[in-house]
Amino acid sequence: TPSSGTATNLTGLPLTTGVTGNLPVTNLNSGTSASASTFWRGDASWAAIAAGFTLGTPVATTSGTSIDFTGIPAGVKQIVISFAGVSTSSTSKKIIRLGDAGGFENADYSCSSVYLQASGTSDGNATGFFLNRGDAADLISGAMILTLENATSFTWTCTASFNVFNGGVILTSGSKSLSQQLDSVRITTVNGTDTFDAGE
């Protein structure tokens, strides 16, 4: 194997012994679209690496009766809603509702939530994924994970675990089928009138 020169009229070159170094990306489709965030596909094209989780900008939960996240792009399969010291002005329980092009849906949820302290109390709700605890002094921290279960029926599942600062744990789970593709999420209270006053 020569150390330099131009090979001509070859019927084959053994890759295991005849090639050293790295193949320049310019040899693959002239390097068009090659970058640190793309990869070479089996159909001979450069493609963007699929994005993982995107961390949204924290939103203060210090005013208003609801917190809306809109413009969720098509193709999203999982959403994590994180609470850090979230509180409201009165005793209505917090609730998360899913939305699509027709607006936020407030019916036909299959949801159960339990508040665990010295003795646990559980409750069901069909108007959203709710947190079975309502106290104006609550500071709630934790996360709810929404996962797309069926893309055809737009069915999402919910699992959540929250800590209540003054003692106790809230566990919530359930599912909800939308009429269209999910594009928004709303955090509010069951009565819709209690205002947020702490946290993000």
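Residues numbered from 1 in each chain as written. Predicted model: local features only at pLDDT ≥ 70, side-chain atom pairs only at ≥ 80, totals over all residues. Heavy atoms only, no water.

J.: Help me understand the nonpolar core, please; the structure alone is not making it clear to me.
T.: Here is a general trend for soluble globular proteins: nonpolar side chains tend to be buried in one another's company. Counting 29 residues, the largest nonpolar core has Ile81, Phe83, Ile96, Leu98, Phe129, Met144 and Leu146 as its most contacted members. Looking at this core, the elements with two or more residues in it are strand 4 (78-88), strand 5 (94-100), strand 7 (110-116), strand 9 (129-130), strand 10 (140-150), strand 11 (155-164) and strand 13 (184-189). It is strand 11 that provides the largest number of residues to this core, a total of five residues. (Core = buried A, V, L, I, M, F, W, Y, C linked by side-chain atoms within 4.5 Å. Buried < 20%, exposed > 50% of the residue type's maximum accessible area, 1.4 Å probe, protein only. Helix = DSSP H or I, 4+ residues; strand = E, 2+ residues; numbered from the N terminus.)

J.: I'm lost on the pattern of salt bridges in this one. Help?
T.: Oppositely charged side chains are able to pair whenever their charged atoms sit close together. Counted under the stated rule, the structure contains six salt bridges. Across the salt bridge formed by arginine 41 and aspartate 43, the nearest N and O atoms sit 2.4 Å from each other. Given a relative accessible area of 47%, aspartate 43 falls into the partly exposed group. Put simply, aspartate 138 and arginine 133 hold a salt bridge, and the shortest N to O gap is 3.1 Å. The class of aspartate 138 is buried, set by a relative accessible area of 0%. A relative accessible area of 17% places arginine 133 in the buried class. Ionic contacts of the salt-bridge type, sharing partners, join the residues Arg133, Asp135 and Asp138 into one network. (Salt bridge = Lys/Arg side-chain N within 4 Å of Asp/Glu carboxyl O.)

J.: Looking at this model, I keep getting lost on the environment of threonine 195. Mind explaining?
T.: Tracing the sequence through the fold places threonine 195 in the loop between strand 13 and strand 14 (196-198). Given a relative accessible area of 30%, threonine 195 falls into the partly exposed group. For the pair threonine 195 and isoleucine 145, spaced 50 residues apart in sequence, the C-alpha to C-alpha distance is 24 Å. What threonine 195 contacts, discounting residues up to four positions off in sequence, is Gly64, Thr65, Ser87, Thr88 and Ser89. (Contact = heavy atoms within 4.5 Å.)

J.: Would you take a moment to explain the sheet that holds strand 10 for this structure?
T.: Judged by pairing direction, the sheet is antiparallel, and its seven strands sit side by side in the order 8-7-12-11-10-4-14 without closing on themselves. Where the open sheet ends on each side, the last strands, each with one partner, are strand 8 (121-125) and strand 14. Taken pair by pair, the neighbouring strands of this sheet meet at an average axis angle of 25°, ignoring direction. In this sheet, strand 10 lies alongside strand 4 in antiparallel orientation, the contact comprising seven bridges. (Pairing = 2+ DSSP bridges. Axes fitted to C-alpha atoms, helices over the stretch in contact; angles between N-to-C directions.)

J.: I keep staring at the pairing of strand 11 and nothing clicks. Help me out?
T.: The side chains of a regular strand alternate, residue by residue, between the two faces of the sheet. Strand direction decides the pairing type here: strand 10 and strand 11, joined by 10 bridges, are antiparallel. What sits directly across from isoleucine 145, in strand 11, is threonine 159. Hairpin connection, strand 10 to strand 11: the antiparallel pair is bridged by four residues, and phenylalanine 154 has positive phi, about 55°. Of the strand pairs in this sheet, strand 11 and strand 12 (residues 169-177) are connected by nine bridges, and their pairing is antiparallel. From the neighbouring strand, threonine 155 faces strand 12, where its bridge partner is serine 177. The hairpin turn running from strand 11 into strand 12, its antiparallel successor, is four residues long, and glycine 167 in that turn takes a positive phi close to 115°.

J.: Would you take a moment to explain the pairing of strand 13 for this structure?
T.: Among the six residues that make up strand 13, five are buried, leaving the element largely enclosed by the rest of the structure. For strand 3 (residues 67-69) and strand 13, the ladder comprises three bridges, and the chain directions are antiparallel. When the sheet's bridge partners are listed, phenylalanine 69 is paired in strand 13 with valine 185. Relative to strand 13, strand 5 runs antiparallel, the two sharing six bridges. Residue pairing for strand 13: lysine 94 is matched across the bridge by threonine 189.

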